[in-house]
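So you can see what is in the structure, the chains are spelled out below.
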Amino acid sequence: MNQIGWNVIETEFVPAELHHKETMFALGNGYLSTRGTFEEGYPGENATTFIHGVYDDVPVVYTELVNCPNWLPLKIAVDGEVFSLDRGEVLEYKRQLDLRWGILSRDVVWRSPKGQTLHLRFDRLTSMAEEHVLIVRCQITPIDFAGEIEVIASIDTNVDNQGVKHWEHLNAGDTDNSAWLQLGCLKSKIELGMATQLTCSENAIATSANVNGNPTLSAKYSAQTGRTVTVEKIVTVFTSRQVSHPAQVAQERLVSLPSYTTLLAAHGAVWDALWRDCDVVIEGDSTAQLAIRYNLFQLLIAAPRHEDRVSIPAKTLTGYAYRGHVFWDTEIFIVPFLTLTQPQIARNLLSYRYYNLDGARRKAHEAGYEGAMYPWESASTGDEVTPRWVTGADGHPVRIWCGDIELHITTDVAYGVWQYWQATGDDEWMQQQGAEIILDTAVFWGSRAEWNSDRQCYEIRDVIGPDENHEHVDNNTFTNRMVQWHMETAIAVLDWLRQHHPAKATALTAQLDLTGDRLQRWSHIAQHLLILHNPETGIIEQYEGFFNLIDVDLSEYEGRTKSMQAILGIEETNQRQILKQPDVLMLLYMLRQSPLKTPWANREDLQLLRANWDYYTPRTDHTYGSSLGPAIHAILACDLDQSDEAYEHFMRAALVDLKDVRGNAHEGIHAASTGGSWQAVVFGFGGVRLTETGPIVDTPHLPPGWTRLNFKLHWQKQCYEFDISSTNGVTEVRVINNSEVPTLYTEKLPETFMDLSIKPTATEMPIKGVIFDLDGVITDTSEHHYRAWQQLADEEGIAFNRQANESMRGLARRDSLLHLLGDRQVTEAQIQEMMMRKNGYYEQFIQTLTADDLLPGVLPLLDELQATGIKIAIGSSSKNAQLVTKLLGISERLDAISDGYSVERHKPAPDVFLHAAMQLGLDPADCLVVEDAAAGVEAGLNAGMWVVGLGPTERFTAAHVICDDLAEVSWHDLTALLADSQIVCLPIAV
């Protein structure tokens, strides 16, 4: 099975890395995110859940995202001793974040202080199909004891934002197995409702209570050695931002939810749709492959898929740094990825800026200017929320000027709007929202640029550019050149409106006072705004006077563990040519097609880039400056054909959170790096350029070792798939243009159960995956099973023959044993012992299996399916499926195995097949089941899948097609038989 590049795995818990790993293992669904703390808790943990848009007022930083009640707590007590990693003995430990399906799992073998050993398996997900649903599932297996186990599930309301309280208790209640609460923010008055329930697969004594203000549910049961019991904690959460009565809605939603298996399948289907459009495949470099997928995963779980009044903060929803405020990171680093893969989400993020225009207008007015001036840090209203003062490392107050004079954010937003429009052709949104953003921010710049009569040019003085090491500078080239672009773009947008949407043009002209004099001034500014450029050297001065600053050789500071500003101090750094991040080079990237528009820009673009790269790159603090810089340097290094240097910068960006390369990952995910890493791969290594007619590959620059790069881009309602391969120094580029863009999966679960009835017609076969039963379909181990059951039966003195064995066909091991025992009374411990004994015999007998034991026709059919691009899975009740497929030599041909360990309910319940479909990333109706047992056929039909039955007709009543076996049966034959069956594939709710 190909799981490479999809799993972030931790095999040892290191307490010193607690907060870094909390960030690294964060989960989310576009509505909320939860840091990767443990269900049982840990001393000093930073348990945090942030919900988009839930802000509350706070001193100094104005407003911050509010830490919501901790929904995770699930404690396991053995004879009164509570499982925790800081007590007892941890014998085995593994934590795994499955990026493919958005599931965080943890396996722990723990010995209590009294010597009782447990195997615990935790699974956690924040549903992508139903964003208000959160799930923790735990499988508990006593290894060497029997006794009482108590499971305690609660919602912890005693939460704060690093010491600041935001919630007041409003109401709460409980029943036997569910509880709920209602809280309200102290200042913003946003209300939150949560409801939770606890279910247990074993007969348990359930109780509910309110413990110290925390809704608490518990279940006690008698545990047996080797017997696994599953508990599920499901939580629903709503706020008054979406509904009027969030606590009531949370309770109603909780009682209407379907089974865990159905929730899981729906969740997996959304991830499949997302990865189908967003995945980047890198072959030849497993580290880079995992890193890029991890970054995209973190970006996707932060992206609001269903709301356009919120945006992605600089630390996503995973940390307290920057208090959940939104920066230019969104439009410049994140929006490009979403524009070209998930355009609806990009539209949501840009609409956030539209709805916050009034705040931008207030800021401009308060500063004495016209139009809309976007805040450097934004939250819910669009007003400036950058703190003016913070406490420095020495305890003294430090003035923060970004909110006052880091003005390029205003043009950055307009740039994001323009790029989105060019890529999507979304004229409707542009005329309704985007045009107003570009035009009113242009009004601001028209009032901010000053005419210098002595120099006969416009200037923009007293600003901060992208390089925040230098404050209060005049004529920052990035700012001035982007304003020049802005003026030209605003004029073009108004011309487009007048031509295509005259009524809207007339309305905006009146609303924004776009007089002829104002438009003439914009044109004049565009022609005469000062751009600092030396035609002799080709070097662009970052701002006036930069070249007069003290030069510094950063190589003399190698081995440092903090930024140059932290070493030298703010004022000393301000006086030196030390860049926090690319400034001039950032400009050359953003305006790659037309970097300069001056009479002196007489050099070719590449020469211009090389001259400025050589000057500014050695003066940039790459390691501990801004995390925004490395991805941009990676792209430009590719333009200069410096692949080794590009790769170094790329990995610095891509591993910033996985490897904590800057030592600050505990503060939250670096949002700009997630999107910047994707841009480095696509625009740097992939060599993609965006033209008026669509994306093209100019010159790819695959790093050494990369043998293949594959990704998709959406452009003007078309989907382009780029496949770049490198073999023996020869690079091949394939571009596939699909005229129909796959749509984003945004379906939510209906009130009762997920509708799996995507009904294929008999003439349109949508099958994308085939799920095979194992025994009797792939191979025949029935004789081995029969021998194992016969030996057990002989030892227990039970009459058993082949007829009795036939009646157990398709049953799970436990069900088979109970059938064998009949009316005999046995204890649970005896059942467990007999199952283990029978399985031991079976495992002994099957050790002789080889590829020769594959049934006729199986291997050619598997090969044909692979060649056709059909995904292949095993869906078996057997708990030996992994071992059997390995012995048969077909593991590498399989994309997934769903077995007796994967689900609780076995055939004829559909769970094992639904789980397999989820692993394949397919809708159930896109799958075909091949079965030889009546219970298996029924399970496939219950799952809403196509079914082929193998065996005598009398064994099956509803299979779509019945064959004797797979000998001489091709995939073409099967699809033809299915098409002729004239039966529609319908699901059955179970």
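Residues numbered from 1 in each chain as written. Predicted model: local features only at pLDDT ≥ 70, side-chain atom pairs only at ≥ 80, totals over all residues. Heavy atoms only, no water.

Caption draft 1: Quick look at the UniProt feature "active site" (unreviewed entry) in the chain. Residues given the UniProt feature "active site" (unreviewed entry) here are D773 and D775. By the element assignment, D773 lies in the loop between β30 (769-772) and α21 (782-796). Here the side chain of D773 touches K907 through a polar contact of 3.2 Å, side chain to side chain. Discounting chain neighbours no more than four positions away, the residues touching D775 are D780, T781, S782, H785 and D932. (UniProt positions renumbered as here; feature names shortened; annotations may be inferred. Helix = DSSP H or I, 4+ residues; strand = E, 2+ residues; numbered from the N terminus. Polar contact = N/O pair within 3.5 Å; in protein donor to acceptor, adjacent residues only side chain to side chain. Contact = heavy atoms within 4.5 Å.)

Caption draft 2: Fine view of the nonpolar core. Judged by nonpolar contacts, the single largest core of 152 residues is most densely connected at W328, F650, W678 and L709. When we break this core down by domain, the ones giving at least three residues each are domain 1 (8-276) and domain 2 (308-365 + 373-697 + 709-746). With residues near it in sequence (within four places) discarded, L709 still touches V280, V281, I282, V681, F685, G686, L702, F722, D723 and I724. Grouped together as the second largest cluster of nonpolar side chains are 50 residues, V136, I155, W167 and L181 included. (Core = buried A, V, L, I, M, F, W, Y, C linked by side-chain atoms within 4.5 Å. Buried < 20%, exposed > 50% of the residue type's maximum accessible area, 1.4 Å probe, protein only. Domains from an automatic or database assignment.)

Caption draft 3: Quick look at the packing of aromatic side chains. Throughout the structure, instances matching the rule amount to 36 aromatic pairs. A ring pair is formed by W271 and W275, whose centres lie 5.9 Å apart and whose planes are at 20°; its orientation type is stacked. Of this pair, W271 and W275 both sit in helix α3 (residues 260-278), four residues apart, which is roughly one turn of the helix. Taken as a pair, W271 and W275 share a single burial class, namely buried. Ring geometry for F546 and Y616: centres 5.8 Å apart, planes at 45°, overall tilted. A residue pair is termed long-range when its members are at least 10 positions apart, and F546 in the loop between α13 (516-528) and α14 (564-568) and Y616 in helix α17 (residues 605-616) qualify at 70 residues. Comparing F546 with Y616, the two get one shared label, buried. Here the guanidinium or amino end of R293 rests over the ring plane of W6, the centre of that ring lying 3.7 Å away. Its end group placed over the ring of Y355, R309 keeps NZ or CZ at 3.5 Å from the ring centre. (Phe/Tyr/Trp six-rings, centres within 6.5 Å; stacked < 30°, edge-to-face > 60°. Lys NZ or Arg CZ within 6 Å of the ring centre and 35° of its normal.)

Caption draft 4: Focus on the pairing of strand β16 (residues 191-200). In terms of burial, β16 is largely enclosed, as seven of its 10 residues are buried. The antiparallel hairpin formed by strand β15 (residues 178-185) and β16 contains five residues in its connecting segment, where K189 sits at a positive phi of about 65°. In the sheet, β16 pairs with strand β19 (residues 229-239) via nine bridges, with the strands oriented antiparallel. Following the sheet pairing, C200 is matched in β19 by V231. (Pairing = 2+ DSSP bridges.)

Caption draft 5: Structural view of empty space enclosed by the protein. Enumeration according to the criterion identifies three cavities of 30 Å³ or more in this entry. Estimated volume of the largest cavity: approximately 50 Å³. Around the largest cavity, the lining residues are T37, F38, E39, R95, L104, S105, R106, F122, D123 and R124. Taken together, the residues that form the lining of the largest cavity break down as three nonpolar, two polar and five charged. (1 Å grid on protein atoms, 1.4 Å probe; cavity = no way out; pocket = protein on both sides within 12 Å on 5 of 7 lines; lining within 4 Å. Points joined across faces, edges and corners; volume = space filled by probe spheres on them. Nonpolar A, V, L, I, M, F, W, Y, C, P; charged D, E, K, R; others polar.)

Caption draft 6: Structural view of the UniProt feature "domain: Glycoside hydrolase family 65 N-terminal" (unreviewed entry) in the chain. Sites flagged by UniProt as "domain: Glycoside hydrolase family 65 N-terminal" (unreviewed entry) map to residues 9-241. Along residues 9-241, the helical share is 3% and the strand share 54%, with 36 Å between the first and last C-alpha atoms.

Caption draft 7: Looking closely at unusual backbone geometry. A cis geometry characterises the amide bond from K907 onward to P908, with omega recorded as 15°. Along the chain, the position of P908 falls in the loop between β32 (896-898) and α27 (911-920). Positive phi values are uncommon outside glycine, yet D513 reaches one of about 60°. Tracing the chain through its elements places D513 in the loop between α12 (502-512) and α13. Despite not being glycine, D660 has its phi angle at roughly 50°, a positive value. Mapped onto the elements of the fold, D660 is located in the loop between α19 (643-654) and α20 (671-685).

Caption draft 8: Spatial organisation of the sheet that holds strand β2 (residues 27-28). Reading across the sheet, the three strands line up as β2-β3-β4 and stay open at both edges, with antiparallel pairing between neighbours. A strand with exactly one partner marks an edge of an open sheet, and here the two such strands are β2 and β4 (49-51). Bridge analysis of β2 against strand β3 (residues 32-34) gives two bridges, and the strand direction is antiparallel. Following the sheet pairing, G28 is matched in β3 by S33.

Caption draft 9: Spatial organisation of the side chain of T230. With respect to the secondary-structure elements, T230 resides in strand β19. Ignoring any residue separated from it by four or fewer positions in sequence, one finds T230 in contact with R137, C138, Q139, T199, C200, S201 and E904.

Caption draft 10: Geometry of the domain arrangement of the chain. Entries for the chain in the domain assignment read domain 1 (8-276), domain 2 (308-365 + 373-697 + 709-746), domain 3 (765-780 + 855-989) and domain 4 (782-849). Taken together, the contact pairs 13 residues of domain 3 with 14 residues of domain 4. A buried area of about 1,200 Å², summed over both sides, lies between domain 3 and domain 4, and 51% of it is on carbon and sulfur atoms. Counting the surface domain 3 buries against domain 4, the share from its top three residues, D780, N880 and L887, is 36%. (Buried area = accessible area lost by both parts, 1.4 Å probe.)

Caption draft 11: Main features of the pairing of strand β5 (residues 55-58). For β5 and strand β6 (residues 62-65), the ladder comprises four bridges, and the chain directions are antiparallel. Paired with D56 across the strands is E64, a residue of β6. If you look at the hairpin formed by β5 and β6, you'll find three residues sitting between the two strands, and V60 has a positive phi there, around 75°.

Caption draft 12: Spotlight on the packing of helix α23 (residues 813-821) against helix α24 (residues 828-846). Between α23 and α24, whose axes approach to 10 Å, the crossing angle comes to 110°. The angle between α23 and α24 places the two elements in the roughly perpendicular class. Between α23 and α24, the contacting residues are R813, R814, L817, L818 and L821 on the first element and E828, I831, Q832, M834, M835 and N839 on the second. Split by residue class, the contact of α23 with α24 holds six nonpolar, two polar and three charged. (Axes fitted to C-alpha atoms, helices over the stretch in contact; angles between N-to-C directions. Parallel < 35°, antiparallel > 145°, perpendicular 65-115°, else oblique.)

Caption draft 13: Highlighting the pattern of salt bridges. Tallied over the entire structure, the rule returns 52 salt bridges. Two residues, R106 and E40, come together in a salt bridge whose shortest N-O distance is 2.7 Å. Taken together, the residues R106 in strand β10 (residues 103-111) and E40 in the loop between β3 and β4 connect sequence positions 66 residues apart. Like R106, the residue E40 is buried in the burial classification. The residue E931 makes a salt bridge to K907 at a minimum N-O spacing of 2.5 Å. With E931 in strand β33 (residues 927-931) and K907 in the loop between β32 and α27, this pair connects stretches of sequence that are 24 residues apart. Of the two residues examined, E931 and K907, each falls in the buried class. Through salt bridges that share partners, R455, E459, R461, D474 and E544 make up one connected network. (Salt bridge = Lys/Arg side-chain N within 4 Å of Asp/Glu carboxyl O.)

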